[in-house]
Number of protein chains: 2
Amino acid sequence: MRPRKWKTLTSDVAYRTPIFDLHRRRSLHSRRGEHDFFILDAPNWVNIIPLTKANEVVMIHQWRHGIAEFTLEIPGGMVDADDPSPMHAARREMIEESGYDSDKIVQLGMVHPNPAIQGNICFSFLAKNVRQVEKPIALGNEETEVVLVPMSEIAELIATGAIMHALTIAAFSFMHVYNPPPHRKVAKRYRSPRRKK
Amino acid sequence: MRPRKWKTLTSDVAYRTPIFDLHRRRSLHSRRGEHDFFILDAPNWVNIIPLTKANEVVMIHQWRHGIAEFTLEIPGGMVDADDPSPMHAARREMIEESGYDSDKIVQLGMVHPNPAIQGNICFSFLAKNVRQVEKPIALGNEETEVVLVPMSEIAELIATGAIMHALTIAAFSFMHVYNPPPHRKVAKRYRSPRRKK
């Protein structure tokens, strides 16, 4: 039996917080009737892998209140109302959180952080050849430290649980396997034999 | 300047829903003073890649209320209070949602779905040689359909956005690159030459 869509009847704010609102949505289904569902209403999110010319990832060591622990993540945050695009938001967050910048930015992919209870998307980007342009800004209540991690060690850090943020892992998985950015052209290793004249 | 820990002072339930509670947590920081943070209190989650002998992934086509769309995901859900372990919960969810089962289950990895606002962990598993043992159970208000997807097509489905659930992508990324399960022993392709007697 093919599953059928639900139709939203009404939606109201059950509770407001500074970073998301909790909505109660009344929905109707042709076979299942009317039910309430709770949804976190949050803006779209972004994250970005800032990569130096020496192939180091500029990462953030950061206190996270949800787990009440420090994490190792890539820069990221919310797309603000005055960000003209997710890419702009990602670059803004990278500069604010890490102090590094580059204008060579490509989109790697996008995910639903949690389609069961959130409607938003997290967009992932790669910034190539980043350079330190300013000091990171300690915004609001964020307690952060910038660390440089060789790209070659990222897979091992994820495999061993040193990096556990699902959205940081999603960004690296696009880079490593699902949507790797086009490789720069490099000098061929093997020259063709010269044609005889 | 090294970031410092926050200390939780008080925590109370701001709002209750059937699948998570919204907590308001008052925390103290030696440099930043006292502030409120909002946390989703949810049980740990699990998901599982059910793989048939023919190398097909048993996936779920499912309505998700957060995005108000259908998704393509692997089976998963909450670790219930009476589940003796996350692996048990993953197997239970696999049987309930897909009707497939196997006792060859290995853990692939674990992630924080969202360490900023949630304290819980999502554990990912792989079930090998699954077989259909019963019909999937349509629990509660879940509208689902079981589909078989060749494992060889998963990377392309993620790269093109047909699979967008961050936690499903995390599970596959462990399998593909970050924590691949040990390979089964297979017959060697090349026999060693017999030793001369």
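Predicted model only: the values in this text are computed from it and were never measured. (Residues numbered from 1 in each chain as written. Chains lettered and ligands numbered in written order. Predicted model: local features only at pLDDT ≥ 70, side-chain atom pairs only at ≥ 80, totals over all residues.)

**Some points on the nonpolar core**
Move 1: Grouped together as the largest cluster of nonpolar side chains are 76 residues, with contacts concentrated most on A:Ile49, A:Ala170, B:Ile49 and B:Ala170.
Move 2: What B:Ala170 contacts, discounting residues up to four positions off in sequence, is A:Ala166, A:Ile169, A:Ala170, B:Val111 and B:Ser124.
Move 3: Counting 16 residues, the second-largest nonpolar core is a separate cluster that includes A:Phe37, A:Leu40, B:Phe37 and B:Leu40. (Core = buried A, V, L, I, M, F, W, Y, C linked by C-beta atoms within 7 Å. Buried ≥ 20, exposed ≤ 12 C-beta atoms within 10 Å, placed from the backbone. Contact = placed C-beta atoms within 7 Å.)

**Things to note about the sheet that holds strand 1 (residues 7-16) of chain B**
Residues and elements named next belong to chain B.
Move 1: The strand order across the open sheet built from 3 strands is 1-2-3, with neighbouring strands paired in antiparallel fashion. In this open sheet, the two edge strands, each paired with only one partner strand, are strand 1 and strand 3 (33-41). On average, each strand axis in the sheet is tilted by 25 degrees relative to the strand beside it, whichever way the strands run.
Move 2: The pairing of strand 1 with strand 2 (residues 21-29) spans 8 bridges and is classified as antiparallel. For Arg 16, the partnering residue across the bridge sits in strand 2 and is Asp 21. (Pairing = 2+ DSSP bridges. Helix = DSSP H or I, 4+ residues; strand = E, 2+ residues; numbered from the N terminus. Axes fitted to C-alpha atoms, helices over the stretch in contact; angles between N-to-C directions.)

**Overview of the interface of chain B and chain A**
Move 1: Contacts between chain B and chain A engage 56 residues on the former and 56 residues on the latter.
Move 2: Of all the secondary structure elements, the ones that give two or more residues to the side of chain B that touches chain A are strand 1, strand 2, strand 3, strand 5 (56-64), strand 9 (104-111), strand 11 (144-150), helix 2 (154-159) and helix 3 (166-178) of chain B.
Move 3: For the side of chain B that touches chain A, the element with the most residues is helix 3 of chain B, which contributes 8 residues.
Move 4: Looking at the side of chain B that touches chain A residue by residue, the class counts come to 28 nonpolar, 20 polar and 8 charged. (Nonpolar A, V, L, I, M, F, W, Y, C, P; charged D, E, K, R; others polar.)

**So, the environment of B:Ser98**
Residues and elements named next belong to chain B.
Move 1: Structurally, Ser 98 is set in helix 1 (residues 86-98).
Move 2: Taking the number of C-beta atoms within 10 Å as the measure of exposure, Ser 98 has 28 and is therefore buried.
Move 3: C-alpha of Ser 98 to C-alpha of Ser 30: the two residues are 68 residues apart in sequence and 50 Å apart in space.
Move 4: Ser 98 has contacts with Pro 50, Val 58, Ile 60, Pro 75, Pro 136 and Val 146, leaving out every residue within four places of it along the chain.

**Overview of the packing of helix 3 (residues 166-178) of chain A against helix 3 of chain B**
Move 1: Two elements in contact, helix 3 of chain A and helix 3 of chain B, have axes whose closest approach is 9 Å; the angle formed by their N-to-C orientations is 50 degrees. Relative to helix 3 of chain B, the element helix 3 of chain A lies oblique. For the pair helix 3 of chain A and helix 3 of chain B, the sense of crossing is left-handed. Of the residues in helix 3 of chain B, those in contact with A:Ala166, A:Leu167, A:Ile169, A:Ala170, A:Ser173, A:His176 and A:Val177 of helix 3 of chain A are B:Ala166, B:Leu167, B:Ile169, B:Ala170, B:Ser173, B:His176 and B:Val177. (Parallel < 35°, antiparallel > 145°, perpendicular 65-115°, else oblique. Left-handed = near helix turned anticlockwise from the far one by under 90°.)

**Overview of the domain arrangement of chain A**
Move 1: For chain A, the domain assignment lists domain 1 (7-41) and domain 2 (45-178).
Move 2: Between the C-alpha centres of domain 1 of chain A and domain 2 of chain A the distance comes to 30 Å. (Domains from an automatic or database assignment.)

**A few points about the sheet that holds strand 3 (residues 33-41) of chain A**
All names here are of chain A.
Move 1: Strand order in the open sheet formed by 3 strands is 1-2-3, and the pairing between neighbours is antiparallel. Each edge of the open sheet is held by one strand with a lone partner, namely strand 1 (7-16) and strand 3. The average angle at which neighbouring strand axes cross in this sheet is 25 degrees, direction not considered.

**Details of helix 1 (residues 86-98) of chain A**
All names here are of chain A.
Move 1: End to end, helix 1 covers 18 Å across 13 residues, agreeing with the expected 18 Å (1.5 Å per residue, within 8%).
Move 2: Those residues of helix 1 that sit buried are Pro 86, Ala 89, Ala 90, Arg 91, Glu 93, Met 94, Ile 95, Glu 97 and Ser 98.
Move 3: Gly 99, located one to two residues past helix 1, shows a positive phi value of around 80 degrees. (Expected span 1.5 Å × (residues − 1).)

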